[in-house]
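Report on the structure
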Amino acid sequence: MPFRSLKPLHWQTATHQESITARGARLFGTTEEQFTSWRWQMKNQITSADEALRVLQLSHSEKEAFFELKDLFEAGVTPYYLALMDPNNEFCPVRLQGMPRLEETSDRIGVADPLQEVGNSPVKEVVHVYKDRVAFCVAQLCPVYCRYCFRKRRDEEVGLHFNPRIVDQGIEYIANNPNIRDVLITGGDPLIAQDGTLENLLSRLRAIPHVQILRIGTRVPVTLPYRITEELADMLARFHPLWINTHFNCPEELTPEAAAAIDTLLGRGIPVGNQSVLLAGINDTAERLKSLFEGLVKMRVRPYYLYQGQTVEGTAHLRVPIEKGLDLMRTLRGNTTGFAIPQYVLDTPTGKIPLSPNHVVGRDADDVVLLDLKKNHWRENNPLGSYVTAHPLPTAQKQL
Ligand SMILES: *Cc1c(COP(=O)(O)O)cnc(C)c1O
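Please read these numbers as outputs of a predicted model, since none were measured by experiment.

This next bit is on the domain arrangement of the protein. Under the domain assignment, the protein is made up of domain 1 (20-105), domain 2 (126-354) and domain 3 (360-399). One C-alpha centre belongs to domain 2, the other to domain 3, and the line joining them spans 37 Å.

According to the stated counting rule, one finds 29 salt bridges in the structure shown. With a closest N to O distance of 3.3 Å, Glu103 and Arg101 form a salt bridge. Glu103 gets classed as partly exposed once you look at its relative accessible area, which sits at 27%. By relative accessible area, which is 5% here, Arg101 ends up buried. Notably, a salt bridge pairs Asp364 with Arg379, separated by 3.0 Å at the nearest N-O pair. Of this pair, Asp364 sits in strand β10 (residues 360-364) while Arg379 sits in strand β12 (residues 377-381); the two residues are 15 residues apart in sequence, bridging distant segments of the chain. In this structure Asp364 comes out as buried when scored by relative accessible area, which is 10%. Salt bridges linked by common partners bring Asp113, Glu117, Arg151 and Arg153 together as one network.

Around the ligand, the structure places Val127, Val129, Tyr130, Arg133, Ala135, Arg215, Tyr304, Tyr305, Asp347 and Lys352. Contact distances for the ligand include 2.9 Å between an oxygen atom and a side-chain N or O atom of Arg215. In this structure, Tyr305 approaches the ligand through a side-chain N or O atom, which is 2.5 Å from an oxygen atom. Taking 390 Å² as the accessible area of the ligand by itself, protein coverage stands at 89%.

Two elements in contact, helix α8 (residues 164-175) and helix α9 (residues 195-206), have axes separated by 10 Å at closest approach and are oriented at 20 degrees. Classified by the angle their axes make, α8 and α9 are roughly parallel. Crossing handedness for the pair α8 and α9: right-handed. Where α8 approaches α9, its residues Val167, Asp168, Ile171 and Ile174 are matched on the opposing element by Leu201, Arg204 and Leu205.

The next subject is the sheet that holds β10. An order of β10-β11-β12 is seen for the 3 strands of this open sheet, with the pairing classed as antiparallel. Both edges of this open sheet fall to β10 and β12, since each of them pairs with a single strand only. Across the sheet, the mean angle from the axis of one strand to that of its neighbour is 25 degrees, orientation sign disregarded. Across 4 bridges, β10 lies against strand β11 (residues 367-371) in antiparallel orientation. Bridge assignment links Asp364 to a residue of β11, and that residue is Asp367.

What follows is about the pairing of strand β6 (residues 272-278). Judged by how many residues are buried, β6 sits mostly within the fold: 7 of 7 residues are covered. Of the two faces of β6, both are covered, the one formed by Val272, Asn274, Ser276 and Leu278 as well as the one formed by Gly273, Gln275 and Val277. In this sheet, β6 lies alongside strand β5 (residues 242-246) in parallel orientation, the contact comprising 3 bridges. In the sheet register, Thr246 faces β6, and the bridge partner there is Asn274.

What follows covers the packing of aromatic side chains. Scanning the entire structure with this criterion turns up 7 aromatic pairs. A centroid spacing of 6.0 Å and a plane angle of 70 degrees characterise the contact between Phe35 and Tyr226, whose relative ring orientation is edge-to-face. Of the two residues, Phe35 is situated in helix α2 (residues 32-35) and Tyr226 in the loop between α10 (220-223) and α11 (230-236); the sequence distance between them amounts to 191 residues. Classification of Tyr226 as buried rests on a relative accessible area of 0%. If you follow Arg133 out to its NZ or CZ, it ends over the ring of Tyr130, 3.8 Å from the centre.

Further remarks concern the packing of helix α13 (residues 286-298) against helix α14 (residues 322-332). Following both chains from N to C, one finds α13 and α14 inclined at 60 degrees, their axes separated by 10 Å at the closest point. It follows from the interaxial angle that α13 and α14 lie oblique. Crossing hand, α13 versus α14: right-handed. Judged by residue contacts, Ala286, Leu289, Lys290 and Phe293 of α13 engage Leu328, Thr331 and Leu332 from α14.

What follows is about the sheet that holds β5. The 9 strands lie next to each other as β1-β2-β3-β4-β5-β6-β7-β8-β9, forming an open sheet whose pairing is mixed. Two strands lie at the open edges of the sheet, namely β1 (126-130) and β9 (351-354), each paired on one side alone. Averaged over neighbouring strand pairs, the angle between their axes works out to 30 degrees when direction is ignored. Both β6 and strand β7 (residues 302-308) contribute to a ladder of 6 bridges, which runs parallel. Paired with Asn274 across the bridge in β7 is Pro303. Each of β1, β2 (133-137) and β3 (182-186) touches α8; the most contacted strand, β2, lies at about 175 degrees to it.

Procedures and definitions
Chains are numbered independently. Their residues run from 1 in the order of the written sequence. Under the rules for a predicted model, residues below a pLDDT of 70 receive no local features and side-chain atom pairs below 80 are neither given nor counted, while totals for whole chains, interfaces and linings still include all residues. Excluded from the side-chain calculation are hydrogens and water; included are all heavy atoms of the structure. Where each domain begins and ends is defined by an automated method or by a domain database. We count a salt bridge whenever a side-chain nitrogen from Lys or Arg sits within 4 Å of a carboxyl oxygen from Asp or Glu. Remark: exposure states derive from per-residue accessible area (1.4 Å probe, protein chains only) relative to the maximum for the residue type, with buried under 20%, exposed over 50%, and partly exposed in between. The numbering of helices and of strands both runs from the N terminus, where a helix is a DSSP run of H or I of at least 4 residues and a strand a run of E of at least 2. One heavy atom within 4 Å of a molecule or strand makes the whole residue count as near it. Whenever two N or O atoms come within 3.5 Å, that pair is a polar contact, provided that in protein one can donate a hydrogen and the other can accept it, and provided that, for residues adjacent in sequence, both atoms are side-chain atoms. Accessible surface is estimated by sampling points in the Shrake-Rupley manner with a 1.4 Å probe; for residues, cover comes only from the protein chains shown. For every element, the axis is a line fit to its C-alpha atoms; helices are fit only across the contacting stretch, and the angle between N-to-C directions ranges from 0 to 180 degrees. Roughly parallel covers angles under 35 degrees, roughly antiparallel covers those over 145, roughly perpendicular covers 65 to 115, and oblique covers all other angles. The handedness criterion is simple: a crossing whose near helix is rotated anticlockwise from the far helix by less than a right angle is left-handed, and one whose near helix is rotated clockwise is right-handed. Whether two residues are in contact is decided by their heavy atoms, any of which lying within 4.5 Å being enough. Being paired, for any two strands, means DSSP has found at least two bridges between them. Two aromatic rings, drawn from Phe, Tyr or Trp (for Trp, its six-membered ring), form a pair once their centres lie within 6.5 Å of each other, and the interplanar angle then sorts them: stacked below 30 degrees, edge-to-face above 60, tilted otherwise. Note on criteria: charge over ring means Lys NZ or Arg CZ within 6 Å of the ring centre, with the direction from the centre no more than 35 degrees off the ring normal.

Given below as structure tokens:
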């Protein structure tokens, strides 16, 4: 068996529910052995309403969107991710991420390339915003086309997936720029490639002396955990230091299958972080975020970023006001393990901006006045002395 354990790991509560693998195999009329083959999953990716209707009751909005918007935004889900969806609820948080909806046609403000990545790419698919690191978009295909994807504009082009010319040019650009010490391999989903293709890419990047760390951004632990085979993990570990960031958005995605995939990576010393996107109806309550982040640290995955959703075309129905995001972060602080709390950020064409609830009220002579977690003022005696700052604190009032 290429995919490791399907049994819950020892620390997981045993449930009597049917596993997603068992349920999926039953729904798709196949064996568990075939269902756990990532190639079978990709061959059987659901890309039309007819295919989805065989296993799911589609709502009017989903059906219309699948039929009518077929050419608007790419749609596709793996049988695994489909088996994770609640068949009776069109607003199931997993369904909202994977199934197209009619609301995608009524976004007035979303744009195609909110991060101006095209303009920020000195050579095709190498996004160079920070001096010392690049995002290298080698992949185009995904197991699941997330409805809120900020790179959906790339689906209109053909031939971006591990295109030899794009890969060669990108590697040449990185090799010629000694400032680049960190290469983030992304896409699309870069783990949708043969092991040999990935190995070739990784060894060419590793051969560049100034490239210190390699990072892979992938959603396969969430959307296609069977891709994380022992062989893949062994191969990746030959290119250390290699870090993986994955992308869980809601507690429903934390399955035993996903946990096994993560455990396989961690077992090879590959640190795994998580980037979530704050999405309406999917994870925009304190309870759901807490349960997601606590579930991740149980899997030894470090929540890294919580992104404000980009203002990308077709996503108005999933967008959350920044004030709400800040309130959610305020609620989490003090209510769970410190390292279960990711940094809330907004990505922009010039880089990521932290969105942090402000706890610093200001300075009153030798005191810095802070807001504690009970919303009381805390005076910290802390003279500025001779230190000259370009960022003076506002003046706090005496009575505080
Ligand atoms: C997010 C991003 C990175 C990596 O940023 P970190 O904050 O180091 O994780 C690098 N390049 C681009 C273009 C990015 O968008």
